[in-house]
Amino acid sequence: MRVSHTIAAGLKDLGVELRPAVALTEKTSLGIGGATDELQLHNYDTIPDVLRLLADAAIPHKFLGGGTNVLIADGDLPWVMLHLPPAHPGFRVEGNIAHVDASADLGGMVTFCAKNNLGGMEGLIGVPGSVGGALRMNAGAYGTQIGSYVREVELYRAATRRIETVRGNDIRFDYRHTSFAPDDIMLRVKLELPPKPYKEILAGIKVCNEKRRSSQPLNQKSAGCIFKNPAGGSAGRMIDELGLKGHRVGGAVVSDRHANFFVNADSATSVDMLRLIDQVRERVRTAYGIILENEVIVWKN
Ligand code: EPU
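Residues numbered from 1 in each chain as written. Predicted model: local features only at pLDDT ≥ 70, side-chain atom pairs only at ≥ 80, totals over all residues. Heavy atoms only, no water.

**Quick notes on the packing of aromatic side chains**
Quick note on the threshold: Only Phe, Tyr and Trp rings are paired, with Trp represented by its six-membered ring, and only when their centres lie within 6.5 Å; those with planes under 30 degrees apart are stacked, over 60 edge-to-face, the remainder tilted. Secondary structure elements are taken from DSSP: a helix is a run of H or I of four residues or more, a strand is a run of E of two residues or more, and numbering for both begins at the N terminus. Accessibility here uses a 1.4 Å probe with only protein chains present; expressed as a share of the type maximum, an area under 20% marks a residue as buried, one over 50% as exposed, and anything in between as partly exposed.
Applying the stated criterion across every chain, the model contains four aromatic pairs. Relative to Phe262, the ring of Phe227 lies with its centre 5.8 Å away and its plane at 85°, an arrangement referred to as edge-to-face. Note that Phe227 is positioned in the loop between helix 5 (198–215) and helix 6 (235–241) and Phe262 in strand 17 (residues 262–264), a separation of 35 residues in sequence. We note that Phe227, like Phe262, is buried.

In structure tokens, the structure reads:
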């Protein structure tokens, strides 16, 4: 989608940088996605005005975080892509509270907190993506989930068109799910973390890194796990038991290393990946009577 000349000037006045027809294959960990105009914001406070301008011009939009848990449609996309102001580096510590921008890198934040002797998040070290993306879906690994440490979130609430602050106790964090509305935009978070010596945190980080390296296809293009685990089970184990490792649709393949990772092995399209997801879901449904729910977020056109 192209941003019309009529609103380009208004966006510029709000400090928004416009990049025309960007290929989103470059912006996602799957390396899949069509093209659209990209709007880079440089100031959190202008978000309500920018979104009002787009709404008045009937231009649909989406915010992209780290692009690590999303499957974007191919071709010319019917919405523009927004990016939050870049984080430089986007985190600071005050006592045992970390103040973090949503656009900050999740791993960078874990390391920064560790250096300030704040732990708890060791399990999140290898999870790729932005802090905002992790918050929205309550990302987790190795017994840690980010929601456990949230004291306060500042967000843009589409329902009120305002920036609001929500207390951690008023947010529900479940397994890979939160009570945020789908169109809430995470802006900043305050995390309350347990004090821990840097050396101890580092040892925990090392263990998690080793586990991840030995079980996940880290050097291939993926979106992490494609499906959520069903209660009490493992999607990866079920798909593996069905002999589906290596199963392929076009350039999309079930990883040989971890069966719940679907990789873009060779110029996969979104259609390839969606077909692979449907086929595997159907095989698991037939064999186990379980309907696997997507963990990856799908943006259709
Ligand atoms: N397994 C197999 N074959 C496979 C994959 C796994 O037999 O191809 C078996 C493993 O041997 C293990 C069990 O299944 O006994 C569980 O595997 P794993 O420890 O890899 O955990 P998972 O349930 O598949 C979850 C998260 C991961 C997270 C790991 C570690 C989900 C959907 N996945 O994976 O998160 O890194 O635990 O905590 O919750 C993600 O969310 O994208 C993700 C990668």
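There's more to say after this.
**Some remarks on empty space enclosed by the protein**
Counted only if it meets this: Within this scheme a cavity is a closed region of a 1 Å grid, computed over the protein atoms alone, that accommodates a 1.4 Å probe without allowing it to escape, whereas a pocket is open but has protein on both sides within 12 Å along at least five of seven lines; lining residues each have an atom within 4 Å of a point. Grid points are joined across faces, edges and corners, and a volume is the space filled by probe spheres set on the points. Note on residue classes: Ala, Val, Leu, Ile, Met, Phe, Trp, Tyr, Cys and Pro are nonpolar, Asp, Glu, Lys and Arg are charged, and everything else, Gly too, is polar.
As enumerated under the stated definition, the model contains one cavity of 30 Å³ or more in all. Reported here for the largest cavity is a volume of approximately 30 Å³. Together, Val110, Leu118, Gly119, Gly120, Met121, Glu122 and Ile201 line the largest cavity. For the lining of the largest cavity, the residue count by class is four nonpolar, two polar and one charged.

**A short note on the nonpolar core**
It is characteristic of soluble globular proteins that their nonpolar side chains tend to be buried jointly. Just so we agree on the cut-off: Buried residues of nine kinds, namely Ala, Val, Leu, Ile, Met, Phe, Trp, Tyr and Cys, make up a nonpolar core once their side-chain atoms join them within 4.5 Å. Whether two residues are in contact is decided by their heavy atoms, any of which lying within 4.5 Å being enough.
Residues Met109 and Leu191 are the most contacted members of the largest nonpolar core, which totals 56 residues. Not counting chain neighbours up to four residues away, the residues in contact with Leu191 comprise Asn96, Ile97, Ala98, Val100, Met109, Met121, Ile146, Tyr149, Val150 and Arg151. Residues Ile226, Val254, Ala268 and Ile277 belong to the second largest nonpolar core, which totals 23 residues.

**What about the sheet that holds strand 15 (residues 248–249)?**
For clarity, the cut-off: Any two strands with at least two DSSP bridges between them are considered paired.
Spatial ordering of the open sheet is given by 15-16-17, a layout of three strands whose pairing is antiparallel. Since the sheet does not close on itself, it has two edges, and those belong to strand 15 and strand 17, each with one partner. One ladder, built from two bridges, connects strand 15 with strand 16 (residues 252–254); its direction is antiparallel. Bridge assignment links Val249 to a residue of strand 16, and that residue is Ala252.

**A word on the pattern of salt bridges**
Keep this limit in mind: For salt bridges, the criterion is a side-chain nitrogen of Lys or Arg within 4 Å of an Asp or Glu carboxyl oxygen.
One pass over the structure, following the stated rule, counts 20 salt bridges. A salt bridge links Arg188 to Asp101, with the shortest nitrogen-to-oxygen separation between them at 3.8 Å. Of this pair, Arg188 sits in strand 14 (residues 185–192) while Asp101 sits in strand 7 (residues 97–101), placing them 87 residues apart in sequence. For Arg188, a relative accessible area of 29% translates into the label partly exposed.

**What to know about unusual backbone geometry**
Backbone torsion omega between His88 and Pro89 reads -5°, so that peptide bond is classified as cis. Summarising the element assignment, Pro89 is placed in the loop between strand 5 (80–83) and strand 6 (91–94). Of note in the backbone geometry, Tyr142 takes a positive phi value of approximately 50° without being a glycine. Examined against the element boundaries, Tyr142 turns out to sit in the loop between strand 8 (140–141) and strand 9 (144–145).

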